[in-house]
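# Commentary on secondary and tertiary structure
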Amino acid sequence: MGAAVGAVERENARARRASPLAVLVALVIAGASLAGFFVFNGNAEHQEKTLLDSDAQQASLYVASAFSAIGPYLDSLATAVTLSGGSPAVFASRAKALSSGGNSLVLADEQGGVYVVESAVGPGFSDGESLSPAVSAILSKAGATATPGPVVFNGKTSSCFFAVGPPDTPSGSVILFSFTIRPFVASVVTAAKPFALLRVALYGSSHASTGTLFVATARPDELPLTGTVAVAHPVFGTVHWTLVAQARVSLVGSFARQAPYIILALGLFLALLLAGIVEVLDRRSRYAARIADERTADLRATLADLREAQDAVVRGERLTALGEMASVVGHELRNPLAAVINALYLLRRQLGDPADDRYEKHLAMAERETTKAAALAEDLTAFVRPREPRKEQVELSEVVREVVEAVPPPAEVALDVDAETVSVFADRHQLAEVLTNLVTNAYQAVNGNGSVRVSARRAGEAAELAVEDSGPGIDAAVGDRVFEPFFTTKHDGTGLGLAIVRRLVEAHGGHVAIESSSERHGARVVVEIPVDSADPTDAVGVVT
Amino acid sequence: MTGETDVLVVDDEPDVRSSVADILRQAGYRVQEAADGNEALDVLARERVGAVLLDMVMPRCDGMAVMDALDDPPPVVVVSARRVEAAARTKLGAKVVDYLEKPVRPEVLLGRVATIVGARSGG
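Please read these numbers as outputs of a predicted model, since none were measured by experiment. (Residues numbered from 1 in each chain as written. Chains lettered and ligands numbered in written order. Predicted model: local features only at pLDDT ≥ 70, side-chain atom pairs only at ≥ 80, totals over all residues. Heavy atoms only, no water.)

The subject of this paragraph is the overall build of chain A. Along the backbone of chain A there are 12 helices and 19 strands. Its C-alpha atoms give chain A a radius of gyration of 64 Å, more than 25% over the compact-globule value 24 Å for 544 residues. Along the first, second and third principal axes, the C-alpha atoms of chain A reach 195 × 50 × 40 Å. Looking at chain A as a whole, 38% of its 544 residues qualify as buried. Accessible surface, chain A: about 29,800 Å² in total, of which carbon and sulfur atoms supply 59%. Within chain A, one finds 46 positive and 61 negative side-chain charges whose respective centroids are separated by 6 Å. (Helix = DSSP H or I, 4+ residues; strand = E, 2+ residues; numbered from the N terminus. Rg over C-alpha atoms; globule rule 2.2 N^0.38 Å. Buried < 20%, exposed > 50% of the residue type's maximum accessible area, 1.4 Å probe, protein only. Areas by Shrake-Rupley, 256 points an atom, 1.4 Å probe, with all protein chains shown as cover. Lys, Arg positive; Asp, Glu negative; His and termini not counted. Charge placed at Lys NZ, Arg CZ, Asp CG, Glu CD.)

Set out below in structure tokens:
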């Protein structure tokens, strides 16, 4: 019983758990979509970076070409100054026409390692002013192409200059174009402008140093640009500036950025869906298999039952045939036995009791054996044609007492009787015959030395009558065969005693069994006879 | 009525019949034998009989036929190899004083006869 409950619980636990196949499907698809996510995401990031780099390079070229226009702007001024032999007056008059706003144009000559302003138009410079050694060092390298000077950003404005020198100018002279801009106002980015998708910061130095910020298309609080940025270096002659670019929005497009997540989400959804389908199919197949198993087990059980029933029928037919033969034998024996018994009686009368030694042994043997033969004939008749039970209310303990008195134990056999008061609806004489048979068997089993115990009690809806002996017991292989007719373990038994007992007990709707075990010596025969429902004490029992 | 008979033994088995008759004669009874129902009825018509030991299963005229033919028979003890069923016992009623099953121990048989016709001094 316990084992069956365990099996049911295991079955339930298995039913609650997802099938390994469904889990595998879910894991494989989820894994594939995760891999797809990483591949697509990596690809999108790579594309993004490539596009950003490309854009930064383009912006860099754009900036360089934009500033290259300063060269020609200064060229005409330089030509005029050269033609005038370096006249500050000519420079001043031409420069006034070119300069505007906060821009300054300056003509400077090298005097003993530093440059001195010869003529200045616009703010920031004055005639005769010596320029700093650092500026002078830059100016000494100025050539035909406009060279930028250092960019200085003071937090609000950036100032810078471009310079051209020989051969466009007379030897030892340079022309500066100095200007000031506001980096965050100078370039308002609109969608129409190129590089509208980028945040760009241009620094007048080889690295992104805030103090050299020249122009930016980002808000001041967005600087310095961090994260995914591209860096390019616009070149002005020998000078390298730094351009830092960052994408305002995804350059590869929002779909390219979202596609990996879409793939991941769809993949996980698909994983769950397919796993669910597999689980459902698997459960169905498991259920079908279980049903098939149950049906198979039922069929096997039915087959076993049928075989058992068939065996019972065959056994029953065999016993019936046996019984019919026994009946014929039993009856046919009766007349010859009667004649022989009568003849022996007459002989005994004639020869005396005891008879002459010559006859006594043989006569006694003939008497003994005819008595046995008569008992066999009696048993055969009783077995084959049992009387229908004539039932009445019988007190079982009284039957036990009567039988024990009628069949007292042999000397040296201890008899123990423990009979409770149990009323059964049964045939009194047949009950007595059953008990007489069992008690006689028990006496014979202990072989004149041992103990026999007779007990009667109520067990549920039945009266239980048990006869137990301390004899050698019954071989386990023999078991219930002792109740078959002509089966005997005694050398002088007819083999019908227990068969008759079973006949009578079964005629009462009861059951008889023999118990014998190697642990406990002896045999125990238990008879159970139902306490008939007509029993009035039983009806009272139901009410209470 | 031409004579007096203590016991009429009716049985178709000669050995059984003659051995029973011998036992009864040795006990001092006057005994008549009949091999079937017809012979038994002849004896009963002829003589006064104290008791009848009647076998039931016999050829030609059986025990039941004998009982049917007699309105007021002497006391009958049925001695049969087969148990006489309850229905037959009911039909036979009080005419039968006892039923014995073969083989009957001679002591038992003598005891029954003695209670019916009285003990004899023979044997």
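Still more ground to cover, so stick around.
Let us look at the domain arrangement of chain A. All names here are of chain A. Domain boundaries assigned for chain A yield domain 1 (326–380) and domain 2 (389–543). Of note, the centres of domain 1 and domain 2, computed from C-alpha atoms alone, are 31 Å apart. On the side of domain 2, five residues touch domain 1, which itself brings five residues to the contact. Both faces considered, domain 1 and domain 2 share a buried interface measuring about 390 Å² in area, 76% of it formed by carbon and sulfur atoms. Here domain 1 is connected to domain 2 by zero salt bridges. It is helix H8 (residues 357–384) that contributes the most residues to the side of domain 1 that touches domain 2, four residues altogether. (Domains from an automatic or database assignment. Contact = heavy atoms within 4.5 Å. Buried area = accessible area lost by both parts, 1.4 Å probe. Salt bridge = Lys/Arg side-chain N within 4 Å of Asp/Glu carboxyl O.)

Residues and elements named next belong to chain A. Pairing is antiparallel across the open sheet formed by four strands, whose spatial order is E8-E7-E12-E9. The outermost strands of the open sheet, each flanked by one partner alone, are strand E8 (213–216) and strand E9 (229–232). Pairs of neighbouring strands in the sheet enclose a mean axial angle of 20 degrees, with direction left out of account. Across six bridges, strand E7 (residues 198–203) lies against strand E12 (residues 242–247) in antiparallel orientation. From the neighbouring strand, Leu-202 faces E12, where its bridge partner is Leu-243. (Pairing = 2+ DSSP bridges. Axes fitted to C-alpha atoms, helices over the stretch in contact; angles between N-to-C directions.)

In this section: the nonpolar core. All names here are of chain A. Counting residues in hydrophobic clusters, the biggest one holds 47 residues, and the most contacted among them are Val-424, Leu-431, Leu-435, Leu-438, Val-452, Val-482 and Val-527. Excluding residues within four positions of it along the chain, Val-424 makes contact with Glu-392, Gln-393, Val-394, Leu-431, Ala-463 and Val-531. Within the second largest apolar cluster, 37 residues are counted, among which are Ala-56, Ala-78, Ala-146 and Val-215. (Core = buried A, V, L, I, M, F, W, Y, C linked by side-chain atoms within 4.5 Å.)

The next thing to look at is the interface of chain B and chain A. Taken together, the contacts link 21 residues of chain B with 16 residues of chain A. Across the chain B to chain A interface the summed buried area is about 1,800 Å²; carbon plus sulfur atoms make up 55%. When residues of chain B are sorted by the area they lose upon contact with chain A, Gln-26, Arg-83 and Pro-103 of chain B head the list and together hold 28% of the total. Taken together, the links from chain B to chain A amount to one salt bridge. Across the pair Arg-334 of chain A and Glu-101 of chain B runs a salt bridge, and its minimum N-O distance is 3.4 Å. On inspection of chain B and its partner chain A, the count reaches five residue pairs in polar contact (both at pLDDT 80 or more). Breaking the side of chain B that touches chain A down by element, the ones donating at least two residues are helix H1 (14–26) and helix H5 (106–117) of chain B. (Polar contact = N/O pair within 3.5 Å; in protein donor to acceptor, adjacent residues only side chain to side chain.)

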